[in-house]
Amino acid sequence: MKFRSASAVAVLAAASLTLAACGGDSDSGSGDKVKIGIKFDQPGLGFKDGSKYTGFDVAVAKYVAGKMGYKENQIEWVQSPSKQRESMLKAGTVKMIFATYSITDKRKKEVAFAGPYFVAGQSVLVRADSNINDVTGLKGKKVCSVTGSTSVDNLKKEQPNLVPQEYDTYSACASALKDGVIDAMTTDDTILAGYANQTAYKGKFKLVGNTFSTEKYGVGLKQGDTDTCKKVNTAIQEMVKDGSWEKALKDNLGADYKFNAENNPPKAFEAC
């Protein structure tokens, strides 16, 4: 009898270990972590300051992860540079990416998307005391964007007589704009609003004109991850409904930020 009891205990212990091991793949649960990709260098969207992570992308990611059962201390933030996003998802380096990741047909051949959680558009940032009020006012003006970006080319379709200026980073553009070296900078309105809302630039910049492109920020996923896609879409809809979405925008991009109300909050989501 003693031998049988010991065996039973051993079997039960082994079964418990097996169940615990299987639990590692669940969305939430005891101690599991989730790796989420974000940008580390975009103020107001995805920004790393020491051990602190802030921005609208981060806020949406936290909300979605929370609805999936993860606490904040179960999230592992992973830097996701634009050129590496597809490869990171394919390799399983991250489960989801929230990083101003525009949904395009080309990208959908390699990865899946949930969302969008925001529809951005290209715009223009100028100094607060500038007399430039719209794209037509950029005639003969020095306009900056980052090297390799198509933003200035897109803007030239609206105002062909501007003077393109290329810098390595948006931070360099913002600094040059503050110092009067350039007259304006251009990229997605969310990125521009993020810089305008930084403490160093508060009250010194203003967004002018309307958006003149459409960028649907989606949540990058590994192809075939239908279950996560459905959960993300549901969470985004709940975030909009309970007011957390708009609060996150104002907290991170400034109370004065005027988003495109025709496209936001998003109503049409990617099919899972």
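Everything below is about the structure printed above this text.
A short tour of the structure in this document, coming up. The model shown is predicted, which means the values in this text are computed figures rather than measured ones.

So, the packing of helix H2 (residues 56-67) against helix H9 (residues 244-253)
And then number 1: Between H2 and H9, whose axes approach to 9 Å, the crossing angle comes to 150°. Looking at the two axes, H2 sits roughly antiparallel to H9. For the pair H2 and H9, the crossing hand works out as right-handed. Contacts between H2 and H9 involve Phe-56, Ala-59 and Tyr-63 from the former and Ser-244, Trp-245, Ala-248, Leu-249 and Asn-252 from the latter.
And then number 2: For the contact of H2 with H9, the per-class residue count stands at six nonpolar, two polar and no charged.

Notes on the sheet that holds strand S4 (residues 52-54)
And then number 1: Taken together, the three strands give an open sheet; going across it, the order is S2-S3-S4, and neighbouring strands pair in antiparallel fashion. Each having just a single partner strand, strand S2 (41-42) and S4 make up the two edges of the open sheet.
And then number 2: Across two bridges, the pairing between S2 and strand S3 (residues 46-49) is antiparallel. Bridge pairing links Gln-42 to Gly-46 in S3.

Remarks on H2
And then number 1: Across its twelve residues, H2 extends 17 Å between first and last C-alpha, which sits within 8% of the 16 Å expected from 1.5 Å per residue.
And then number 2: Along H2, the positions that sit buried rather than exposed are Phe-56, Asp-57, Val-58, Val-60, Ala-61, Tyr-63, Val-64 and Ala-65.
And then number 3: Looking one or two residues past H2, Gly-69 carries a phi angle of roughly 100°, positive in sign.

The rules behind the values
- Residues numbered from 1 in each chain as written.
- Predicted model: local features only at pLDDT ≥ 70, side-chain atom pairs only at ≥ 80, totals over all residues.
- Heavy atoms only, no water.
- Axes fitted to C-alpha atoms, helices over the stretch in contact; angles between N-to-C directions.
- Helix = DSSP H or I, 4+ residues; strand = E, 2+ residues; numbered from the N terminus.
- Parallel < 35°, antiparallel > 145°, perpendicular 65-115°, else oblique.
- Left-handed = near helix turned anticlockwise from the far one by under 90°.
- Contact = heavy atoms within 4.5 Å.
- Nonpolar A, V, L, I, M, F, W, Y, C, P; charged D, E, K, R; others polar.
- Pairing = 2+ DSSP bridges.
- Expected span 1.5 Å × (residues − 1).
- Buried < 20%, exposed > 50% of the residue type's maximum accessible area, 1.4 Å probe, protein only.

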